[in-house]
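Coordinate analysis (summary)
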Amino acid sequence: MIVSDRSTSNPSSGPPTPRPGSRTSRCRQRVATLLACEGGRIGDITVGDCVELVDTQRRVHARGGQKKVDFYLRLRAMGIFPEDAPATIRAFGLALGQLSIEELVDRYQIRCQPVRDVIVDYLRERQPSLDFASLDAISRTLAGLFWARIEALAPGIGSLRLPPAVARAWKDDLKVKKRNVVGPDGKSVEVTSPRLNAKDELMRVRAFYLDIAQWAAEEPARWGPWAVPCPISDDEIRKAKERKRRKARMDQRTRERLPVLPILVSTTDRRRREAAGLLQAAGDTEPGELIPGTGGALRRAIAPKAAGHLTWAEETSSGRRRNLSYEEEEAFWAFAAIEVLRLTGVRNEELLELTHHSITQYRLPATGEVVPLLQIAPSKTDTERLLLVSPELADVLSAIISRLRGPGGMVPLVAAYDVREKVWNPPMPLLFQRGIGSEHRAFTPTAIRKLLINALAATGLTNAEGEALSFSPHDFRRIFVTDAIMNGLPPAHCPGHLRSQEHRHHDRIQGGLPCRDDRGPPGVHRPPTGLPSRRGVPDPDRGGVGRLPRPLREAEGVHRHLRTRLRTPLHP
């Protein structure tokens, strides 16, 4: 009763009685629990109280999902917490944040304390020049794949000077990966497979030895006792053959996926339209009635305990229930992700960092024509880029923004967790977000991969071995660059580091694939014309944006000149 009185703006009339088991009822139960345990009033509840309650719920209740944490969002919306309180209580959950160097190394329980300490000191020396993802990878190599396995092969070893037999055994062990899988009989079976990046791991260990040897000349008292000969020779880390094999694998993936990309695109678009039409038809149907257009196969389900914003249907033949709202949402975001990936060639990380403010415009000085641009935040190459927005891409971005806009016309701000850097980014109007419960959450790399898997399952596409064809987000990037070069785009305009790789091998990829209009690429790639400050900007003589070629061109060298001329992003 205390919660009900305080949660209403009109005490005389009283709030409507929430349905038992509803999200509002559960929120009030959570707040009432806090007041009963901690005492005081609603305004006295702290963030720590909410965290303690959620931790207790995780230990006691195995299920509950979003309903466990909705109360925090409502309390925060009431202005009870300080302004610097996290936007979501998930910031205190399983996302532990960045570990310290000691914690990174101690994950592998190294028994030799002096070697453990020198690895910690080495990582601390390199920390200022590394991001957390790189620091995490190096610590995993040195502490896990290197020294923890050395101690398993030679118990009691306490020096970086490895006996030749131990070094050989470790290198042989590094070449394979071992994992346990459950067989058909239900028993655990150890399976081994080649480690494709074994030489990358050897290079990190070799750098560890060589760095210590170099530092020993500058600080002999600190590093001198650990300066020993490196057990890895220069010949063992040569990667010419591995690069060729990796390039061959990527080329083969592109050959298999480029011809079937139109099938994936058309199937995804049809799936989105059918899901939207089915949801609309079900919404116009009374519960218990057959849904028109389904041939009597589906009826609107009677779901008194379901959330009010979800629409459920029931198959008349089997009685299986389907969440039509979820199916429509999944179909739309699969369509949006595939379209943006194939029309821009951006990386998965860059896709998830697109915001409403990434959409900007540039007015051509000569004609006054407004050219839409998409700003790509720096990622792997730490370089900001501007991409020209094609009409197809503009339609997709418009559909995304229209779907996300709230009653006030603004895209909601969401706090996204960076899975590589292990930090929470500040709230931003991300384009790839969705509502879960009463909270908007950013898509994760895993969620994008699941969308692609489900979209491909609907196509029925298979590879040469008859297995289900798979697409990774980076496959769209390779296809984008290959398709652009095959249609005459100069290699200098290819995105990022792919420009030097793809133009060298695009002839190999092109073998057996027809070009657009059955024409091969021009024999000579002429450099772009015009003033240097306008490279990457459409020529005014080409006319409207609709006549531009489909491959989007990276505005290399343009963002420095355009930045002072960019107008307000395309949002109210």
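Let me begin by describing the structure that accompanies this report. Note that the structure is predicted; figures quoted are calculated from it, not measured.

1. Some points on the packing of aromatic side chains
One pass over the full model with this rule turns up 14 aromatic pairs. With centroids separated by 5.6 Å and ring planes inclined at 50°, the aromatic side chains of W333 and F432 adopt a geometry described as tilted. You can see W333 sitting in helix α13 (residues 324-344) and its partner F432 sitting in the loop between β10 (423-424) and β11 (433-436), a full 99 residues away along the chain. For W333, a relative accessible area of 2% gives the class buried. Between the aromatic rings of W333 and F443, the centroid separation amounts to 5.2 Å while the plane-to-plane angle is 55°, which identifies the pairing as tilted. Here W333 is found in helix α13, whereas its partner F443 is found in the loop between β12 (439-442) and α16 (445-459), with 110 residues between them in sequence. By way of ring pairs, the aromatic residues Y122, F146, W147, W170, F208, Y209, W215 and W223 are connected into one cluster. Here the basic side chain of R257 rests over the ring of F471, its NZ or CZ set 5.8 Å away from the ring centre.

2. What about the pattern of salt bridges?
Counted under the stated rule, the structure contains 35 salt bridges. Note that E102 and R124 form a salt bridge whose closest N and O atoms lie 2.3 Å from each other. Placement of E102 in helix α5 (residues 101-106) and of R124 in helix α6 (residues 113-126) is noted, with a sequence separation of 22 residues between them. Looking at R124, the relative accessible area reads 37%, which means it is partly exposed.

3. Description of the packing of helix α7 (residues 132-153) against helix α8 (residues 164-174)
Between two packed helices, both the angle of their axes relative to each other and the distance between the axes serve to describe the pair. Between α7 and α8, the least distance of the axes is 10 Å, while the angle of their chain directions is 120°. Taken together, the axis directions place α7 and α8 in an arrangement best described as oblique. Note on packing geometry: the crossing formed by α7 with α8 is right-handed. In contact with L145, F146, R149, I150 and L153 of α7, α8 contributes V166, A169, W170, D173 and L174.

4. Observations regarding the pairing of strand β4 (residues 312-315)
By the alternation rule, side chains of β4 split into A313 and E315, which are all buried, and W312 and E314, of which none is buried. With three bridges joining them, β4 and strand β5 (residues 321-323) adopt antiparallel strand pairing. Its bridge partner lying in β5, A313 is registered against R322. Remark: five residues form the turn of the hairpin made by β4 and β5, two consecutive strands paired antiparallel; G319 in that turn has positive phi of roughly 80°.

5. Comments concerning the environment of A91
Along the chain, A91 falls in the loop between α4 (70-77) and α5. On a C-alpha basis, the gap between A91 and Y417 in space is 8.4 Å, while along the polypeptide they are 326 residues apart.

6. Considerations on the packing of α6 against helix α9 (residues 198-218)
Viewed as axis vectors pointing N to C, α6 and α9 meet at an angle of 80°, and their least axial separation amounts to 12 Å. By the angle class used here, α6 and α9 are roughly perpendicular. Where α6 abuts α9, its residues V118, I119, Y122, E125 and R126 lie against A207, F208, D211, I212 and W215. Residues belonging to the contact of α6 with α9 are distributed by class as follows: seven nonpolar, no polar and three charged.

Parameters at a glance
Residues numbered from 1 in each chain as written. Predicted model: local features only at pLDDT ≥ 70, side-chain atom pairs only at ≥ 80, totals over all residues. Heavy atoms only, no water. Phe/Tyr/Trp six-rings, centres within 6.5 Å; stacked < 30°, edge-to-face > 60°. Helix = DSSP H or I, 4+ residues; strand = E, 2+ residues; numbered from the N terminus. Buried < 20%, exposed > 50% of the residue type's maximum accessible area, 1.4 Å probe, protein only. Lys NZ or Arg CZ within 6 Å of the ring centre and 35° of its normal. Salt bridge = Lys/Arg side-chain N within 4 Å of Asp/Glu carboxyl O. Axes fitted to C-alpha atoms, helices over the stretch in contact; angles between N-to-C directions. Parallel < 35°, antiparallel > 145°, perpendicular 65-115°, else oblique. Left-handed = near helix turned anticlockwise from the far one by under 90°. Contact = heavy atoms within 4.5 Å. Pairing = 2+ DSSP bridges. Nonpolar A, V, L, I, M, F, W, Y, C, P; charged D, E, K, R; others polar.

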